[in-house]
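# Overview (structure and organization)
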Amino acid sequence: MTTIYHLSDLHFGPKFNSHLSELILQDIRDAKPDLTILSGDFTMRGRVSEYQEARAYIQKLPKPIFTIPGNHDQPLYARAIPERLTNPWRRYKEFIHETVDASLHLADIFVVGVNSNNRIFPGGIWNLAQRKFIEQEFLRAPKNVCKIFVTHHHLEWNGKYRPFGTWFPTQQLNWLSRLGVELILNGHTHVPLTLQTPHGIVIAQAGTSMSSRVRHGHGNAYNRIVIGADSLLVQVMGYDASADRFVQQSEKEFSRQRAEKIA
Ligand SMILES: [Fe+2]
Ligand SMILES: [Fe+2]
């Protein structure tokens, strides 16, 4: 059994809620998960001060940690525009993780994550080199691991509205399915969403964990995921103001699709 805590859209900077960050830190310390995944948007504007705070927070979290960047992690303010255009991930690499695309093998899971952001377009795009990286990493994964893909942008939005980003989600899902991906984790929309695609891939989209930039009536939340030999459980942990803690808001359990899918 593998337990993952999945947080997204921390957004250090304006509208950051430090009280919630402390509650979540304590939750993760108490739970001692096998892995904590942070799926991007560590800062609001990519300022150095925001990155310093994000780094200090991440250093307090139990290890191991897996991260990818979000669109807000590229600097976006007048003086930093030249850096955004020429070297948008320098600060992410300095303060958070040395690469923007990453993979991690831990006992029963194999995680691949890529930078889905673009310095000009809304994002949700992977270039050819990233597609090769994704393919090569998943193909080298041992048999019988749960293959997990992490992206900042959404591949599903449940038909309610379409946020900015992600251009060819259906083709991307078909391709990830052929690579044997069982679970996709993302953020960006600030709206929690758990569903299973027709391919059998489970998508767990996390809300914003600790920013007051909540959207569409959804509060702050993070995901708690438990992967068993035959099942995949996704619990959305939402902030309950009256109890002043994160409580389980929903729970969905799925059968794992164990069939060999690689063509
Ligand atoms: Fe965000
Ligand atoms: Fe985002």
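Cut-offs used in this document
Residues numbered from 1 in each chain as written. Chains lettered and ligands numbered in written order. Predicted model: local features only at pLDDT ≥ 70, side-chain atom pairs only at ≥ 80, totals over all residues. Buried ≥ 20, exposed ≤ 12 C-beta atoms within 10 Å, placed from the backbone. Helix = DSSP H or I, 4+ residues; strand = E, 2+ residues; numbered from the N terminus. Pairing = 2+ DSSP bridges. Axes fitted to C-alpha atoms, helices over the stretch in contact; angles between N-to-C directions. Contact = placed C-beta atoms within 7 Å.

Another aspect to go through is the pairing of strand 7 (residues 181-186). For strand 7, a buried count of 6 out of 6 residues is recorded, marking the element as mostly surrounded by other parts of the structure. As judged from the 4 bridges shared by strand 6 (residues 146-151) and strand 7, these two strands associate in the parallel manner. Paired with I148 across the strands is L183, a residue of strand 7. By the bridge criterion, 4 bridges tie strand 7 to strand 9 (residues 202-205) in an arrangement that is parallel. In the sheet register, L183 faces strand 9, and the bridge partner there is V202.

Moving on, we come to the sheet that holds strand 4 (residues 102-106). A sheet is described by the order of its strands in space; here 6 strands give the open sequence 4-5-6-7-9-8, paired in mixed fashion. Each edge of the open sheet is held by one strand with a lone partner, namely strand 4 and strand 8 (193-196). The average angle at which neighbouring strand axes cross in this sheet is 15°, direction not considered. Packing of helix 5 (residues 128-139) onto the sheet brings it into contact with strand 4, strand 5 (109-114), strand 6 and strand 7, and relative to strand 5 it is tilted by some 175°.

Time to look at the pairing of strand 4. Relative to strand 5, strand 4 runs antiparallel, the two sharing 5 bridges. Within the sheet, the bridge partner assigned to L104 lies in strand 5 and is V111. Hairpin connection, strand 4 to strand 5: the antiparallel pair is bridged by 2 residues, and A107 has positive phi, about 40°.

Structurally, the position occupied by P169 is in helix 6 (residues 169-178). Placed 53 residues apart in sequence, P169 and S116 show a C-alpha to C-alpha distance of 12 Å. Apart from the residues within four sequence positions on either side, P169 is in contact with L155 and E156.

Turning next to unusual backbone geometry. With an omega of 0°, the peptide bond between K63 and P64 qualifies as cis. Tracing the chain through its elements places P64 in the loop between helix 2 (48-60) and strand 3 (65-67). Its identity is not glycine, yet D9 carries a phi of approximately 50°, on the positive side. Tracing the sequence through the fold places D9 in the loop between strand 1 (2-7) and helix 1 (18-31). Owing to 26 C-beta atoms within 10 Å, D9 belongs among the buried residues under this scheme. Its identity as a non-glycine residue notwithstanding, H190 has a phi of 65°, on the positive side. Topologically, H190 is positioned in the loop between strand 7 and strand 8. Residue classification places H190 among the buried positions, given that 24 C-beta atoms sit within 10 Å.

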